[in-house]
Amino acid sequence: METKKPNRWVVPDVHGCVLTLKTLIEYQITPDPEDEFIFLGDYIDRGPDSKGVIDYIMAMEEKGHKVTSLMGNHEDYCITAWEEDQEVKSFLGIRPKTKTQKEWEVYGGKQTLQSFDADRPRDIPEKYINWMKKLNYFVELDDFIIVHAGLNFDIEDPFEDKYSMIWIREFNVDSEKIGGKKIIHGHVPVNLEFIDMAVKTPDSKFVDLDNGIYFSNRAGYGNLVALELNSMQYAVQSLMDEVSYSKFS
């Protein structure tokens, strides 16, 4: 009797929406202990409970689940804001915000600070920053390259450019440079129709799984998608959290 292979789930940008993540995993995926999870980064910012998302993934790790968590650009922002804030000196009892903190808050850092009940980046407990610092930049499997944003194919070795792995928004896949493997990534929100097409097209060179979980009022967006690599089937969980993020609020 053939033994069933463990599932390999890829979960993209969660952005602080812990209730949506929990519902997806516990009520849709219902994983076996041997199943593997690869998270694509951007656990924090914009949604209501960034701390809760990291706590949930940490709990999965502690329970013995096979979890690989990748670095996203939002974690990079948070780490930099935290490190820079350690160096800021108080002047007349006032400690100014760094340029990085101001930028980060515009792109969702404000909601992350609230979830930690923190006034400043330096108030985020160090264990969370250390967890972020240890995140992987990519995973290479037999048939796939898993990465947060993509790869820079304009250089000879795309794996040398870690910055592009978390920040790049457009790239043209040069299959020869990655051994003909398919790239699975997040970072740039695309609609469900685009995701479905990419998943169901065998010779597609990449699959973008980010459906813009925080786009609650945009048709075709606002879900958390998880792709199972063995079957190339995906699960879709609609937004369960209350997201109030606006870049202009």
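A brief report on the enclosed structure follows. (Residues numbered from 1 in each chain as written. Predicted model: local features only at pLDDT ≥ 70, side-chain atom pairs only at ≥ 80, totals over all residues. Heavy atoms only, no water.)

**Re the overall build of the protein**
Note the following rule: What counts as a helix is a DSSP run of H or I of at least four residues, what counts as a strand is a run of E of at least two, and both are numbered from the N terminus. Any residue under 20% of the maximum accessible area for its type is buried, any over 50% is exposed, and the rest in between are partly exposed; the area is computed with a 1.4 Å probe on protein chains only. Contacts were defined at the residue level, with two residues in contact if any of their heavy atoms lie within 4.5 Å.
What the protein contains, in helices and strands, is 7 helices and 9 strands. In terms of principal-axis extent, the alpha carbons of the protein reach across some 70 × 45 × 35 Å. When burial is assessed residue by residue, the protein has 54% of its 249 residues classed as buried. Summarising the internal contacts of the protein: among those between residues at least 6 apart in sequence, 66% fall at separations of at least 24.

**Digging into the sheet that holds strand β7 (residues 206–208)**
Here is the rule: A strand pair is defined by DSSP finding two or more bridges across the two strands. Axis geometry follows a simple rule: fit a line to the C-alpha atoms, using only the stretch in contact for helices, then measure angles between N-to-C directions, giving values from 0 to 180 degrees.
Reading across the sheet, the 4 strands line up as β4-β5-β6-β7 and stay open at both edges, with mixed pairing between neighbours. A single partner strand is all that each edge strand has here, and the edge strands are β4 (138–140) and β7. For this sheet, the mean angle separating the axes of adjacent strands, direction not counted, is 15 degrees. Summarising the sheet, strand β5 (residues 144–147) and strand β6 (residues 182–185) pair through 3 bridges and their orientation is parallel. Bridge pairing in β6 links Ile 145 to Ile 183.

**Some remarks on the sheet that holds strand β9 (residues 233–238)**
Pairing is mixed in the open sheet, where 5 strands are placed in the order β3-β2-β1-β8-β9. On the outer flanks of this sheet lie β3 (66–69) and β9, each paired with one strand and no other. The average undirected angle you get between the axes of adjacent strands in this sheet is 20 degrees. Both strand β1 (residues 8–11) and strand β2 (residues 36–39) contribute to a ladder of 4 bridges, which runs parallel. When the sheet's bridge partners are listed, Trp 9 is paired in β2 with Phe 37.

Treat this as a map of the structure, not an account of what it does.
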